[in-house]
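# Chains, contacts and geometry: an overview
The residues making up each chain are set out below.
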Amino acid sequence: MIYAVANQKGGVGKTTTAVNLAACLAEAGSSVVLVDLDPQGNATSGLGGVPDDHPTMAEVILDGVPFRDVLLPTRVPNLSLAPGGGGLAGAAVELPNRQGREGVLREALSASAGEYDYVFIDCPPSLDLLTINALAAADRLVVPVQCEYYALEGLTRLMETVEAVRARLNPDLRITGMLLTMHDARTRVSADVIAEVRRHFPELAFRTVVPRNVRVAEAPSYGEPVIRYDPHCAGADAYFEAAKEVAARA
Ligand code: ADP
Ligand code: MG
């Protein structure tokens with residue numbers, strides 16, 4: 001099963017969610033790949049980085065390098081990384097000129113994605129062709145929503161994009177759910193956003209809400225998911241619960 005983790009807003013917790021859901025399911029014994037499709041490469045650095053001469057998803061997309069050739073082991077057993085980073089900025093520029101430009105990733109994953117229980121694609125903060133490629137390749141979509149003002153802004157456009165992808169490219173794409181992130185129990189706005197998302201998207205909102213937790217923010221600088229960096233912190237607990245929901249909703 002291939003999951004895209006997308007929201008065109010930056011800083012809402014996409015990378016944190018993709019990395020930690022992938023890590024939780026891997027720790028539970030599934031074979032998992034995390035695909036970093038963001039030119040910022042945060043998922044890649046957050047899982048320990050990529051050697052200088054190692055090919056990345058940019059080479060998969062631009063040069064037809066086989067997907068399995070870019071996979072790197074991580075410190076999490078059963079979790080491999082398909083690294084992203086800077087080269088993907090070139091891919092975002094180059095892709096519009098390609099034939100079948102929306103299906104490049106789907107094609108690249110088709111040979112080997114089936115070998116894994118879960119593939120998570122961490123999308124860039126935009127609705128550009130990289131994200132469209134992710135949605136075209138995915139079976140499921142997870143949308144992190146930050147508990148912050150204007151959280152719902154943009155969700156309508158994201159849902160329209162999902163509809164367009166279903167209509168033209170990938171009729172089987174389903175939305176697994178929306179995961180509320182960075183909840184701060186002390187603030188009114190967090191509670192308001194949770195209520196609003198649950199009202200607008202009663203079926204889609206995950207039961208689990210991820211709290212704002214400093215350990216979650218620290219973990220990437222140690223090259224680890226929070227579920228390994230501090231497996232008993234509130235953030236790790238929440239991601240374990242969210243991963244159970246993902247598995248249950250599959
Ligand atoms: P995106 O990929 O959507 O841009 P990130 O996952 O990179 O978002 O999160 C943005 C920032 O917020 C990062 O610095 C990350 O470490 C931090 N962050 C994400 N989730 C949490 C959380 N639950 N608690 C505290 N900080 C978080
Ligand atoms: Mg990110």
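Everything below is about the structure printed above this text.
Residues numbered from 1 in each chain as written. Chains lettered and ligands numbered in written order. Predicted model: local features only at pLDDT ≥ 70, side-chain atom pairs only at ≥ 80, totals over all residues. Heavy atoms only, no water.

## Brief notes about the pairing of strand 5 (residues 118-122)
Note the threshold: Exposed residues in this analysis have more than 50% of their type's maximum accessible area, buried residues have under 20%, and partly exposed residues fall in between, with area computed by a 1.4 Å probe over protein chains only. Starting at the N terminus, helices and strands are each numbered in turn, a helix being any DSSP run of H or I of at least four residues and a strand any DSSP run of E of at least two. Pairs of strands are assigned from DSSP output, requiring at least two bridges between the strands.
Taken across its 5 residues, strand 5 has 5 buried, putting it largely inside the fold. Burial along strand 5 is two-sided: the face carrying Y118, F120 and D122 and the face carrying V119 and I121 are both buried. The pairing of strand 1 (residues 2-5) with strand 5 spans 4 bridges and is parallel. In the sheet register, I2 faces strand 5, and the bridge partner there is V119.

## Some details on the sheet that holds strand 4 (residues 79-82)
Defined as follows: Any pair of residues with heavy atoms lying within 4.5 Å of one another is described as a contacting pair. Where helices are involved, their axes are fitted lines through C-alpha atoms of the stretch in contact, as for all axes, and angles between N-to-C directions lie from 0 to 180°.
Spatially, 8 strands are ordered 3-4-2-5-1-6-7-8 in an open sheet, and the strand pairing comes out mixed. Where the open sheet ends on each side, the last strands, each with one partner, are strand 3 (72-73) and strand 8 (205-211). As judged from the 5 bridges shared by strand 2 (residues 32-36) and strand 5, these two strands associate in the parallel manner. Within the sheet, the bridge partner assigned to L34 lies in strand 5 and is F120. The strands that helix 9 (residues 188-200) touches are strand 6 (140-146), strand 7 (174-183) and strand 8; relative to strand 7, the one it contacts most, it runs at about 170°.

## Digging into the packing of aromatic side chains
Note on aromatic pairs: each is described by the distance of the centres and the angle between the planes. Applicable threshold: We call Phe, Tyr and Trp rings a pair once their centres come within 6.5 Å, taking the six-membered ring for Trp, and we label the pair stacked below 30 degrees between planes, edge-to-face above 60, and tilted otherwise.
If you walk through the whole model with that rule in mind, you get 5 aromatic pairs. Centre to centre, the rings of Y3 and Y118 are 6.0 Å apart; their planes meet at 35°, and the pair counts as tilted. Of the two residues, Y3 is situated in strand 1 and Y118 in strand 5; the sequence distance between them amounts to 115 residues. Judged on exposure class, the residue Y3 and its partner Y118 are both buried. Ring centres of Y3 and F120 lie 5.1 Å apart, and the angle between their planes is 20°; on these two criteria the pair is classed as stacked. You can see Y3 sitting in strand 1 and its partner F120 sitting in strand 5, a full 117 residues away along the chain.

## So, the site of ligand 1
Selection criterion: Near residues are defined by distance, with any heavy atom within 4 Å of the molecule or strand qualifying the residue. By the criterion applied in these results, polar contacts are pairs of N or O atoms within 3.5 Å in which, for protein atoms, one can donate a hydrogen and the other can accept it, and in which residues neighboring in sequence qualify only through two side-chain atoms. For every accessible area listed, the method is Shrake-Rupley and the probe measures 1.4 Å; residues are considered covered only by the protein chains on display. All amino acids are sorted into three groups, where Ala, Val, Leu, Ile, Met, Phe, Trp, Tyr, Cys and Pro are nonpolar, Asp, Glu, Lys and Arg are charged, and the leftover types, Gly among them, are polar.
Near ligand 1 there are 14 residues, and of these G11, K14, T15, T16 and N213 occur at the shortest range. Between ligand 1 and the protein, one listed contact pairs an oxygen atom with a side-chain N or O atom of T15 at 2.9 Å. Residue P211 places a main-chain N or O atom 2.9 Å away from a nitrogen atom belonging to ligand 1. Protein contact buries 79% of the 560 Å² of open area that ligand 1 shows by itself. Elements supplying a minimum of two residues to the shell around ligand 1: helix 1 (14-27), strand 8 and helix 10 (214-218). A total of 3 residues in the shell around ligand 1 trace back to one element, the largest contributor, which is helix 1. Of the residues assigned to the shell around ligand 1, the class counts are 6 nonpolar, 6 polar and 2 charged.

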